[in-house]
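Analysis of the macromolecular model
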Amino acid sequence: MSYTQWFEEHANKHKVIVSKLQKQNYTKEQIIEYFDFDSMVENEPEFCPLYVDNKKCHDMESLNCYLCACPNFRFDDAGIKKVGENTQYSFCGIESKDGSQGVYGDKIHQDCSKCGVPHHTAYVEKNFDLDWKVAMKKCKL
Ligand code: SF4
């Protein structure tokens, strides 16, 4: 699946849930709370493929799913630049010390597996937007 395909599909799933909560007059705080991992596993099992195994993407006690993937992620399915013989397709916009660049054959992708930045509630509160695509507006290059 391309980044763009995932991005569009995830945006749609996110929108359906937020619209449902808005109709029930959820406040911003209640929406963020609803997107807590434990709540989402129970209430929105289709939102993430990891939910079926009750598995977190990162080893964090409190993990919020509202800003998955991450507003700092940058990608271009057509390739961003050549790095030697390889092509880079994504990177971290804030150069998080917990992120890295992974090389897969001749492709370079951002590896966020050790970074929990977007999953902290305080980060979600600060970067919140009801429209996930607005929160992620810098991601797609
Ligand atoms: S390394 Fe962290 S801050 Fe950077 S894009 Fe990945 S999850 Fe976001």
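The paragraphs below set out a description of the structure included in this document. (Residues numbered from 1 in each chain as written. Predicted model: local features only at pLDDT ≥ 70, side-chain atom pairs only at ≥ 80, totals over all residues.)

**Observations regarding the site of the ligand**
The local shell around the ligand holds 13 residues, among which C70, C92, G99, C112 and C115 are the closest. Across the shell around the ligand, the residue classes break down as 8 nonpolar, 4 polar and 1 charged. (Near = placed C-beta within 6 Å. Nonpolar A, V, L, I, M, F, W, Y, C, P; charged D, E, K, R; others polar.)

**What about the nonpolar core?**
With 16 residues, the main nonpolar core has F35, C65 and Y66 as its most contacted residues. Mapped by element, the contributors of at least two residues to this core are α3 (37–43) and β1 (73–75). (Core = buried A, V, L, I, M, F, W, Y, C linked by C-beta atoms within 7 Å. Buried ≥ 20, exposed ≤ 12 C-beta atoms within 10 Å, placed from the backbone. Helix = DSSP H or I, 4+ residues; strand = E, 2+ residues; numbered from the N terminus.)

**Let's talk about unusual backbone geometry**
For the bond running from C68 to A69, omega is 5°, close enough to zero to count as cis. Tracing the sequence through the fold places A69 in the loop between α3 and β1. At N25, a residue that is not glycine, the phi angle is positive and equals roughly 60°. As for its position among the elements, N25 is in the loop between α1 (3–23) and α2 (28–34). Exposure remark for N25: the 7 C-beta atoms within 10 Å place this residue in the exposed category. Residue E95 is not a glycine yet carries a positive backbone phi of 50°. Relative to the helices and strands, E95 resides in the loop between β4 (90–92) and β5 (100–104).

**Comments concerning the pairing of strand β6 (residues 107–111)**
In this sheet, β6 lies alongside strand β3 (residues 86–88) in parallel orientation, the contact comprising 2 bridges. Its bridge partner lying in β6, T87 is registered against K107. Judged from the 5 bridges that link them, β5 and β6 form a sheet pairing that is antiparallel. Pairing of Q101 across the sheet is with Q110, part of β6. (Pairing = 2+ DSSP bridges.)

**Structural notes on the sheet that holds β5**
Each strand in a sheet pairs with its neighbour through backbone hydrogen bonds, running either in the same direction (parallel) or in the opposite one (antiparallel). The sheet built from 4 strands is open, its strands ordered β2-β3-β6-β5 with mixed pairing. Because the sheet does not close on itself, it has two edges, and the strands there are β2 (81–83) and β5. Averaged over all pairs of adjacent strands, the angle between strand axes in this sheet comes to 40°, irrespective of strand direction. In this sheet, β3 lies alongside β2 in antiparallel orientation, the contact comprising 3 bridges. Directly across from K82, in β3, lies its bridge partner T87. (Axes fitted to C-alpha atoms, helices over the stretch in contact; angles between N-to-C directions.)

**A word on α1**
Between its first and last C-alpha atoms α1 spans 30 Å; for 21 residues at 1.5 Å apiece the expected length is 30 Å, and the two agree. Residues of α1 that are buried: F7, H14 and I17. One face of α1 carries all of its buried residues, which in axial projection span an arc of 105°. What points out from α1, more than 90 degrees from its buried face, is the exposed set Q5, E9, N12, S19 and K23. Residues of α1 that are buried sit in contact with α5 (132–135). Positive backbone phi, approximately 60°, marks N25, located one or two places after α1. (Expected span 1.5 Å × (residues − 1). Arc of directions from axis to C-beta. Contact = placed C-beta atoms within 7 Å.)

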